[in-house]
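Read off the chains here:
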Amino acid sequence: MIKRVGAAIPVVMAFVCSQLAAQGQTTVRFDGYLQPRSEMTDDSAVFYLRRARVGLQGQATSWADFRLLTEWRSGSGQASTVSLLDASVQLTDKRWTFVPGQSKTPFSSGFLQNEYETEIPELPMVVDALAPNRDIGAKAEFRGIRRVVLQGGLFNGEGMNRTSNNNNKLLFVARGVINLSGGFQIGAGAGTEENEDYLGAEAGYTHKNIELRGEYIQRTTGTGTGIKAAGWYVFGGFTPHRSRWQIVGRVEQFDPDDTNTGDRDMAITGGAQWMLRGENVKLQTTYSIITEETGSVPNNRAIAQLQLRF
């Protein structure tokens, strides 16, 4: 039964899109961006097109939108890949938003941030490794309580573009955020799927030209004495008055297995981004000092990335 549910959601989404479009004139527009990058480590330097995304979104009615997003990625020294990222319908009223299809799971604030708006070219290690990714399912958001946002969803749990469900279990995730006075924000998230449990906590502060935020994520696998993977990061950004550039920095740590010693990584990243035309045209430069617990391999990395958004 669960296997058929995952496979049916994209079909249902396509049917809903066609029916909504039939009710009236549908506005459709294309968007996307390119991210060419130069990357240097201690003993090598490469230039490649890290990411090219093209999306299509339209509005069928005042309360229904649909979204498709594809990505062409050329990794450093790896074969190029093309994949479908988002394929969803968004149904909205004053307090509720309901999204069936394939989309981002509502768990980590670092993962939910739009990729083209990220201040540092790479996701934090713990977000990239532990946060549940895009998945096929359905999610909802409730904004009916002042200063509070509640999100939750039920997903296939197998990741992007996977309609089968090998373990016959669904992934449930939930997140709540409270916007406090003075620019402060706190939140927490949780998730579970068979023998995997997720916990997360987040906090942020924004005031004029200062931005601070951080997040802690852990995932426990197995029953009884499970294996825990955990990590955290703290980000800071400062934008000088009336300028088009921003100073950014991040400190982070990630331990993939608490039962092993010597596998914990820590990174300190500093840099700047120049907003030549806002998020549409910007240049990001960063340098990361990466320290492994064993200290065996130098992994320091410098990145210069240009973003062209249309």
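Quantities reported herein were computed from a predicted structural model and do not represent experimental measurements.

**A word on a nonpolar patch on the surface**
Here comes step 1: Where nonpolar side chains cluster on the molecular surface, the patch consists of Ile210, Leu212, Phe238, Trp245, Ile247, Trp274, Leu276 and Leu283 and spans about 660 Å² of accessible area.
Here comes step 2: Every element with two or more residues in the nonpolar patch is listed here: β11 (210-221), β13 (245-255) and β14 (265-279).
Here comes step 3: Relative to the helices and strands, Leu276 is located in strand β14.
Here comes step 4: Taking relative accessible area as the criterion, Leu276 reaches 45% and is therefore assigned partly exposed.

**What about the nonpolar core?**
If you look at soluble globular proteins, the nonpolar side chains tend to sit buried side by side.
Here comes step 1: Residues Val126, Val127, Leu130, Ala131, Leu171 and Ile217 are the most contacted members of the largest nonpolar core, which totals 14 residues.
Here comes step 2: Counting only elements with at least two residues in this core, the list comes to α3 (125-130), β8 (171-179) and β12 (227-238).
Here comes step 3: By residue number, the principal contributor to this core is α3, which donates 3 residues.
Here comes step 4: With sequence-adjacent residues up to four places away left out, Ala131 is seen in contact with Phe107, Ser108, Phe111, Val126 and Ile217.

**Quick word on the side chain of Glu119**
Here comes step 1: Tracing the sequence through the fold places Glu119 in the loop between α2 (109-112) and α3.
Here comes step 2: Those residues within four positions of Glu119 in sequence are excluded, and the remaining contacts are Gln113, Glu211, Arg213, Phe235, Gln246, Val248, Gln273 and Gln284.

**A word on the packing of aromatic side chains**
Here comes step 1: Within this structure, the stated rule accounts for 4 aromatic pairs.
Here comes step 2: With 4.8 Å between their ring centres and 45° between their planes, Trp96 and Phe142 make a pair best called tilted. With a gap of 46 residues between them, Trp96 in strand β5 (residues 96-103) and Phe142 in strand β6 (residues 135-145) connect regions that are remote in the sequence.
Here comes step 3: Here Phe107 and Tyr198 contribute two aromatic rings whose centre-to-centre distance is 6.0 Å and whose plane-to-plane angle is 65°, an arrangement assigned as edge-to-face. Highlighted residues: Phe107 in the loop between β5 and α2 and Tyr198 in strand β10 (residues 196-207), separated in sequence by 91 residues. The residues Phe107 and Tyr198 share a single accessibility class, namely buried.
Here comes step 4: The ring of Phe111 carries Lys104 above its face, with NZ or CZ at 5.1 Å from the centroid.
Here comes step 5: Positioned above the aromatic ring of Tyr116, the side-chain terminus of Arg309 is 3.9 Å from the ring centre.

**Let's talk about the confidence of the model for the protein**
Here comes step 1: The predicted model of the protein has a mean per-residue pLDDT of 89, with 88% of residues at 70 or higher.
Here comes step 2: Confidence over residues 1-7 falls short of pLDDT 50; this stretch has 11 contacts with residues more than four positions distant or in other chains.

**A short note on the side chain of Asp31**
Here comes step 1: Mapped onto the fold, Asp31 is located in strand β1 (residues 27-41).
Here comes step 2: Within the structure, the side chain of Asp31 is placed 3.0 Å from the side chain of Arg67, a separation counted as a polar contact.
Here comes step 3: Discounting residues that sit within four places of it in the chain, Asp31 has contacts with Arg53, Val54, Gly55, Leu56, Gln57, Arg67 and Phe310.

**Focus: unusual backbone geometry**
Here comes step 1: Phi is positive for Asn161, close to 60°, though the residue is something other than glycine.
Here comes step 2: Structurally, Asn161 can be placed in the loop between β7 (148-155) and β8.
Here comes step 3: Phi angles above zero are rare outside glycine, and Asn168 is one such case at about 55°.
Here comes step 4: Note that Asn168 resides in the loop between β7 and β8.

**Quick look at the environment of Ser62**
Here comes step 1: With respect to the element layout, Ser62 can be found in the loop between β2 (45-61) and β3 (64-74).
Here comes step 2: Counting along the chain gives 29 residues from Ser62 to Leu91, while the straight-line C-alpha distance between them is 9.2 Å.

**Things to note about the pattern of salt bridges**
Here comes step 1: Scanning the model with the defined rule gives 17 salt bridges in all.
Here comes step 2: Two residues, Glu71 and Arg53, come together in a salt bridge whose shortest N-O distance is 2.7 Å. Of this pair, Glu71 sits in strand β3 while Arg53 sits in strand β2, placing them 18 residues apart in sequence. Each member of the pair, Glu71 as well as Arg53, is classed as buried.
Here comes step 3: Three or more residues are tied together by salt bridges with common partners; here these are Arg51, Arg53, Glu71, Asp86, Lys104, Glu115 and Arg134.

Definitions and cut-offs
Every chain begins its residue count from 1, and numbering advances along the sequence as written. Thresholds applied to this predicted model are a pLDDT of at least 70 for local features of residues and 80 or more for the giving and counting of side-chain atom pairs; totals over whole chains, interfaces and linings are not thresholded and use all residues. Just so you know, side-chain values use all the structure's heavy atoms and leave hydrogens and water out. Put simply, a patch holds well-exposed residues, over 30% relative accessible area, that have no salt bridge, with like charges counted together within 9 Å and Val, Leu, Ile, Met, Phe, Trp or Tyr side chains within 5 Å. Areas reported here follow the Shrake-Rupley algorithm with a probe of radius 1.4 Å; residue values treat only the protein chains shown as occluding. Whenever a carboxyl oxygen of Asp or Glu lies within 4 Å of a side-chain nitrogen of Lys or Arg, that contact is scored as a salt bridge. Helix and strand assignments follow DSSP, with helices taken as H or I runs no shorter than four residues and strands as E runs no shorter than two, numbered in order from the N terminus. Burial status follows relative accessibility: with a 1.4 Å probe on protein chains alone, a residue under 20% of its type maximum counts as buried, one over 50% as exposed, and anything between as partly exposed. We call a set of buried Ala, Val, Leu, Ile, Met, Phe, Trp, Tyr and Cys residues a nonpolar core when their side-chain atoms join them within 4.5 Å. Any pair of residues with heavy atoms lying within 4.5 Å of one another is described as a contacting pair. Aromatic rings from Phe, Tyr and Trp, taking only the six-membered ring of Trp, are treated as a pair when their centres fall within 6.5 Å; an angle between ring planes under 30 degrees marks them as stacked, one over 60 as edge-to-face, and anything in between as tilted. The criterion is that NZ of a Lys, or CZ of an Arg, lies within 6 Å of the ring centre and within 35 degrees of the ring normal, and then a charge sits over that ring. For every residue, the predictor reports its confidence as pLDDT, a number between 0 and 100. Whenever two N or O atoms come within 3.5 Å, that pair is a polar contact, provided that in protein one can donate a hydrogen and the other can accept it, and provided that, for residues adjacent in sequence, both atoms are side-chain atoms.

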